[in-house]
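Here's the letter readout for the chains.
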Amino acid sequence: MKRTTKNLLIAVTAIVGIICIVNAVWLIVQSGSVAGWFTDYRNIVYGDGAAENGSKIVWRDNVLGWQYFIFYGRLLFGIAFDALLLLFMIKSILVLKSGAFFLKSNTYILISAAVCNLLYNFCNENIRILIYDTYKNITDAMLLTPLILFAFSLIYGLAVRVSEENRLTI
Amino acid sequence: MAIIVNIDVMLARRKMSSGELAAKVGITPANLSILKTGKARAIRFTTLEALCRALDCQPGDILEYHPDSH
């Protein structure tokens, strides 16, 4: 692999790493603030227009199960998605030394990331249920990036097979 | 795989080691081992030519077809 391409890949991985870590920390701080865990600074709101300044979660008995799923799901699936993306990038770089470019395990990481992204998007799109008495929502926007990721994982899987075929051609 | 690569037989006849053959053919000992153990998915004509030249043999001397062994 050309040195410039390798250096570019390392630089992109570093940027992705920083973004993922910052995003994960922000998810924890944001969730903790709105849930009133470790700070009373309620000005950290969920997205644009999801809640007014100073809103706190209103736990309602009739939708408590959904509220728990959406609150903890957004936090956990969001962090898992960031972690999986970072893992994918790091493993891709580490494997370069051996001359291989595509790892079979990375295919499963991408599929897992697609599932996490879908669930995170669902929780994120329905965040209003934590504060307002509203209905659950499934939109086309929440399906787009997971589907793209899943399609990419299928293409990556093909690349793994072609790469293995090439490696075992003497 | 139905195609068997009989390099060991030719190596014994020519009294050559695997390492020597790998060096003459220009492939790594690991790749030669992949060929010998039947794990290879394909062989390039250039590699086959180099093998035949190094072992002074025909492709039919090192490649065998067994339809029952898939």
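Residues numbered from 1 in each chain as written. Chains lettered and ligands numbered in written order. Predicted model: local features only at pLDDT ≥ 70, side-chain atom pairs only at ≥ 80, totals over all residues. Heavy atoms only, no water.

Trainee: I keep staring at the nonpolar core and nothing clicks. Help me out?
Mentor: If you look at soluble globular proteins, the nonpolar side chains tend to sit buried side by side. Residues and elements named next belong to chain B. Core analysis: the biggest nonpolar cluster contains 23 residues, and Ile7, Leu21, Val25, Leu35, Leu51, Leu55 and Ile62 have the highest contact counts within it. Among the elements of the structure, α1 (7-13), α2 (18-25), α3 (29-36) and α4 (45-55) are those that each provide at least two residues to this core. The element best represented in this core is α4, accounting for 6 residues. Non-local contacts of Val25, meaning those with residues more than four positions away in its chain, are made with Thr47, Ala50, Leu51 and Ala54. (Core = buried A, V, L, I, M, F, W, Y, C linked by side-chain atoms within 4.5 Å. Buried < 20%, exposed > 50% of the residue type's maximum accessible area, 1.4 Å probe, protein only. Helix = DSSP H or I, 4+ residues; strand = E, 2+ residues; numbered from the N terminus. Contact = heavy atoms within 4.5 Å.)

Trainee: Would you mind going over the pattern of salt bridges with me for this structure?
Mentor: Should the charged atoms of two oppositely charged side chains come close, the side chains can pair. Within the structure shown, the criterion is met by 4 salt bridges over all chains. Two residues, B:Arg41 and A:Glu164, come together in a salt bridge whose shortest N-O distance is 3.7 Å. Residue B:Arg41 is found in the loop between α3 and α4, and its partner A:Glu164 is found in helix α4 (residues 141-167); the two belong to separate chains. One salt bridge in this structure joins B:Arg53 and B:Glu49, with 2.6 Å as the shortest N-O distance. Highlighted residues: B:Arg53 and B:Glu49, both in helix α4, separated by 4 residues, approximately one helical turn. B:Arg53 gets classed as exposed once you look at its relative accessible area, which sits at 57%. Accessibility expressed as a relative area gives 48% for B:Glu49, which makes it partly exposed. The network of salt bridges with shared partners includes A:Glu164, A:Glu165 and B:Arg41. (Salt bridge = Lys/Arg side-chain N within 4 Å of Asp/Glu carboxyl O.)

Trainee: Explanation requested: the interface of chain B and chain A in the structure shown.
Mentor: Often the size quoted for an interface is simply the accessible area lost on bringing the parts together. Across the contact, 11 residues belong to chain B and 6 residues belong to chain A. Between chain B and chain A, a total of about 800 Å² is buried, with carbon and sulfur atoms accounting for 54% of that surface. Per-residue buried area on chain B facing chain A is highest for B:Arg41, B:Ala42 and B:Arg44; these three make up 64% of the total on that side. Where chain B packs against chain A, one counts 2 salt bridges. Residue B:Arg41 is joined to A:Glu165 by a salt bridge in which the shortest nitrogen-to-oxygen separation is 3.0 Å. At the boundary of chain B with chain A, the tally comes to 7 residue pairs in polar contact (both at pLDDT 80 or more). Here the side of chain B that touches chain A gets 3 residues from one element, more than from any other, and that element is α3(B). (Buried area = accessible area lost by both parts, 1.4 Å probe. Polar contact = N/O pair within 3.5 Å; in protein donor to acceptor, adjacent residues only side chain to side chain.)

Trainee: Please clarify how the packing of aromatic side chains should be interpreted in this entry.
Mentor: Each aromatic ring pair is described using two quantities: the centre-to-centre distance and the angle formed by the ring planes. All names here are of chain A. Enumeration according to the criterion identifies 11 aromatic pairs over all chains in this entry. Look at Tyr68 and Tyr72: their rings are 6.2 Å apart centre to centre, the planes differ by 45°, and that puts the pair in the tilted class. Within this pair, Tyr68 and its partner Tyr72 are both found in helix α2 (residues 64-94), separated by 4 residues, close to a single helical turn. With relative accessibility at 35%, the residue Tyr72 sits in the partly exposed group. Here Phe69 and Phe77 contribute two aromatic rings whose centre-to-centre distance is 6.4 Å and whose plane-to-plane angle is 65°, an arrangement assigned as edge-to-face. Take Phe69: its relative accessible area is 32%, and that puts it in the partly exposed class. Given a relative accessible area of 21%, Phe77 falls into the partly exposed group. Among the aromatic residues, those joined into a ring-pair cluster are Trp59, Tyr68, Phe71 and Tyr72. (Phe/Tyr/Trp six-rings, centres within 6.5 Å; stacked < 30°, edge-to-face > 60°.)

No statement about biological role is implied by the geometric values presented.
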